[in-house]
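Coordinate inspection notes
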Amino acid sequence: MESTSESRLSLAEAVEEFLRSRAALKQSANTIAAYRRDLAGIGALLAKQAGRDEPENLELAAVTGRTLRAAFAAYAEPRAASSIGRAWSVWNQFFTFLVADELAPGNPMGSVGRPKAPHRYPKPLRGEDTPERILASAAAPADHTRRRTPWPERDFAVLAVLLCAGLRSTELLELTVSSVGGRTGERILTVRGKGGKERAVPVEPELEAVIDEYLASRATRFGGREPGRSDPLFVGGDGARMGRGALQYLVSRSYREAGVSGQVPRGASVHALRHTFATRLAEDGASAVEIMRLLGHASLTTSQNYIDATAREQRNAIRASRTSRALRRATGTDSAEGDGLSAQSSTQLR
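Everything numeric in this text was worked out from a predicted model, so none of it was measured.

Parameters at a glance
- All residue numbers refer to position in the chain's written sequence, counted from 1.
- Side-chain atom pairs in this predicted model are given and counted only at pLDDT of 80 or more, local residue features only at pLDDT of at least 70, and totals for whole chains, interfaces and linings cover all residues.
- As a rule here, side-chain values cover all heavy atoms of the structure and leave hydrogens and water aside.
- Strands are runs of DSSP state E lasting at least 2 residues, helices are runs of H or I lasting at least 4, and numbering of each runs from the N terminus.
- Relative accessible area decides the class of each residue, using a 1.4 Å probe on protein chains only: under 20% of the type maximum gives buried, over 50% gives exposed, and in between gives partly exposed.
- Two residues form a contact once any of their heavy atoms are found within 4.5 Å.
- Using a 1.4 Å probe, accessible areas were evaluated by the Shrake-Rupley method; residue-level cover was limited to the displayed protein chains.
- When DSSP locates at least two bridges between a pair of strands, those strands are taken to pair.
- Across the chain, each position has a pLDDT score giving the predictor's confidence in that residue, from 0 to 100.
- Each Phe, Tyr or Trp ring (for Trp, its six-membered ring) is paired with any other whose centre lies within 6.5 Å, and the angle between the two planes then decides the class: stacked below 30 degrees, edge-to-face above 60, tilted in between.
- Ring-over charges, as used throughout, are those where CZ of Arg or NZ of Lys falls within 6 Å of the ring centre and within 35 degrees of the ring normal.
- When a carboxyl oxygen of Asp or Glu is within 4 Å of a side-chain nitrogen of Lys or Arg, the pair counts as a salt bridge.
- Axis lines are fitted to C-alpha atoms, over the contacting stretch for helices. Their N-to-C directions set the angle, which ranges from 0 to 180 degrees.
- The labels follow the angle: roughly parallel below 35 degrees, roughly antiparallel above 145, roughly perpendicular from 65 to 115, and oblique for the rest.
- Left-handed is the label given to a crossing in which the near helix is rotated counterclockwise from the far helix by less than a right angle, and right-handed is the label when the rotation is clockwise.
- Each residue is assigned to one of three groups, with Ala, Val, Leu, Ile, Met, Phe, Trp, Tyr, Cys and Pro labelled nonpolar, Asp, Glu, Lys and Arg labelled charged, and all others, Gly among them, labelled polar.

Below, the discussion takes up the overall build of the protein chain. For the protein chain, the count of helices and strands is 15 helices and 3 strands. For the protein chain, the residues scored as buried account for 41% of the 350 residues in total. Of the contacts made within the protein chain by residues no fewer than 6 positions apart, 62% connect residues no fewer than 24 positions apart. Carbon together with sulfur atoms contributes 51% to the accessible area of the protein chain, which is approximately 19,000 Å² in total.

Structure follows, in structure tokens:
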């Protein structure tokens, strides 16, 4: 039997209640915006199926397992499995909240199929010395002939934090000056990750020095004004918080200037730096638990992927060696098909 509150509540009102509850958990603005997009996308389809112009005119009680299955089927047609899975998760959280708050009698998402997302391999930068080339290029004196208002200290600090702390783009952009804490030589970076979860990432003395030099240059650039603790850590030339587009441009430009653009996996420009950080941790012997804590993974399985990928890279390297090729020729197992599969596997892992 439907509750009185549910029968009077519109879908749009229920969504706003849910989003307010997420904001109270101190989740990031980007996370809240992503929730809103996924709820709005399915909500619009539900309203259309019910013959309503807008979700504001659709009662929550009209949203059932059957209508949700139809809406998700329409939503899925032009989208990847990962996007559908994310939307499914958001709607599941939405109805879990409504049930707990006694705004809905049950969660119908159990009757809505959820696609299994394809396994994703890490996409670190290719090349043995690519990170070193990026850092060396960024640390070099600025080329005033190529940039009107260069800020090498900031650019170097951004790249160093991404490569040496493994932050996501959103995590880096949301850092404040107070995110860098602790005693000199024992600094930590307090990072707010997905779902508003905080983690502490150790800051080695060399990274601490880079950040300090950037902050000193920032004070000089803005007339000697020291930034407040609540001010954003990384800012643009106008002193405002750096945006996602500016970060993307900074990283892409740094790749070009270091001559490593060809070493960047497709579709992973900024995120490749995080994957490189994690892959090198795995190569240097870090456990899956350590990687999970440093990167803020929700699942140990995600962290294990970096270790598995490293092991597969080692196997591919052995397979590609001249001695292994000689053995395959000697045993009659050397074939174009086998080498092709090895190359394909190696490409996926990079």
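On we go from here.
Let us now look at the environment of S10. Mapped onto the elements, S10 comes out in the loop between α1 (4-8) and α2 (11-24). Judged by its relative accessible area of 11%, S10 is buried. Separated by 51 residues in sequence, S10 and A61 have C-alpha atoms that sit 8.0 Å apart. Setting aside residues up to four positions removed in sequence, S10 forms contacts with E56, L58, E59 and L60.

The sheet built from 3 strands is open, its strands ordered β1-β2-β3 with antiparallel pairing. Every other strand in the sheet has two partners, leaving β1 (180-181) and β3 (198-202) as the edge strands with one partner each. Both strand β2 (residues 188-192) and β3 contribute to a ladder of 5 bridges, which runs antiparallel. Along β3, the bridge assignment pairs T190 with A200.

Note: predicted coordinates in regions of low pLDDT should not be interpreted at a detailed level. For the protein chain, the mean per-residue pLDDT works out to 83, and 81% of the residues sit at or above 70. Predicted confidence for residues 1-6 stays below pLDDT 50, and this span has 11 contacts to residues more than four positions away or in other chains. Overall, residues 336-350 carries pLDDT values under 50, and its contacts beyond four positions in sequence, including any with other chains, amount to 25 contacts.

Among the structural elements, S179 can be located in the loop between α8 (169-173) and β1. The class for S179 is buried, based on a relative accessible area of 9%. Once residues within four sequence positions are removed from consideration, S179 is found in contact with I188, L189 and T190.

Bringing the packing of aromatic side chains into the picture now. Each pair of aromatic rings is reported with the distance of its centres and the angle of its planes. According to the stated counting rule, one finds 10 aromatic pairs in the structure shown. Note on W91 and F94: the rings are 5.3 Å apart at their centroids and 90° apart in plane angle, and the pair reads as edge-to-face. Remark: F94 and W91 occur in helix α5 (residues 81-100); sequence separation between them is 3 residues, near one turn of the helix. The residues W91 and F94 share a single accessibility class, namely buried. When the ring of W151 is compared with that of Y214, the centres are 5.7 Å apart and the planes differ by 45°; the resulting orientation is tilted. With W151 in the loop between α6 (130-139) and α7 (152-165) and Y214 in helix α9 (residues 205-221), the pair connects residues that are 63 residues apart, well separated along the chain. Through a chain of ring-to-ring contacts, the aromatic side chains of F18, Y35, W91, F94, F95 and F97 assemble into a single cluster. Looking at R79, its charged tip hangs above the ring of Y75, at a distance of 3.8 Å from the centre.

With that settled, the discussion passes to the pairing of β3. Every second residue of β3 is oriented toward a common face, the buried set being R199 and V201 and the non-buried set E198, A200 and P202. If you look at the hairpin formed by β2 and β3, you'll find 5 residues sitting between the two strands, and G195 has a positive phi there, around 70°.

The next thing to look at is the pattern of salt bridges. Working definition: two side chains of opposite charge can pair if their charged atoms are close together. Following the criterion strictly, the structure yields 14 salt bridges and no others. Across the salt bridge formed by R199 and E171, the nearest N and O atoms sit 2.8 Å from each other. Residue R199 is found in strand β3, and its partner E171 is found in helix α8; the two are separated by 28 residues along the sequence. Of the two residues, R199 and E171, both sit in the buried class.

Below, the discussion takes up the packing of helix α3 (residues 29-49) against α5. Where α3 contacts α5, the axes come no closer than 9 Å and their chain directions differ by 90°. On the basis of the axis angle, α3 is roughly perpendicular to α5. The segment α3 lies against α5, with Y35, D38, L39, I42, G43 and L46 engaging R86, A87, V90, W91, Q93 and F94.

All right, on to the packing of helix α4 (residues 65-76) against α5 then. For the pair α4 and α5, interaxial distance at closest approach is 10 Å and the crossing angle is 150°. As the angle between them shows, α4 and α5 are arranged roughly antiparallel. For α4 against α5, the interelement crossing comes out right-handed. Across the interface between the two elements, L68, F72, Y75 and A76 from α4 touch S83, I84, A87, W88, W91 and F95 from α5. Its residues assigned to classes, the contact of α4 with α5 shows 9 nonpolar, 1 polar and no charged.

The phi torsion at E102 lies on the positive side, around 60°, for a residue other than glycine. Within the element layout of this structure, E102 appears in the loop between α5 and α6. Under the relative-accessibility criterion, E102 is labelled exposed at 62%.

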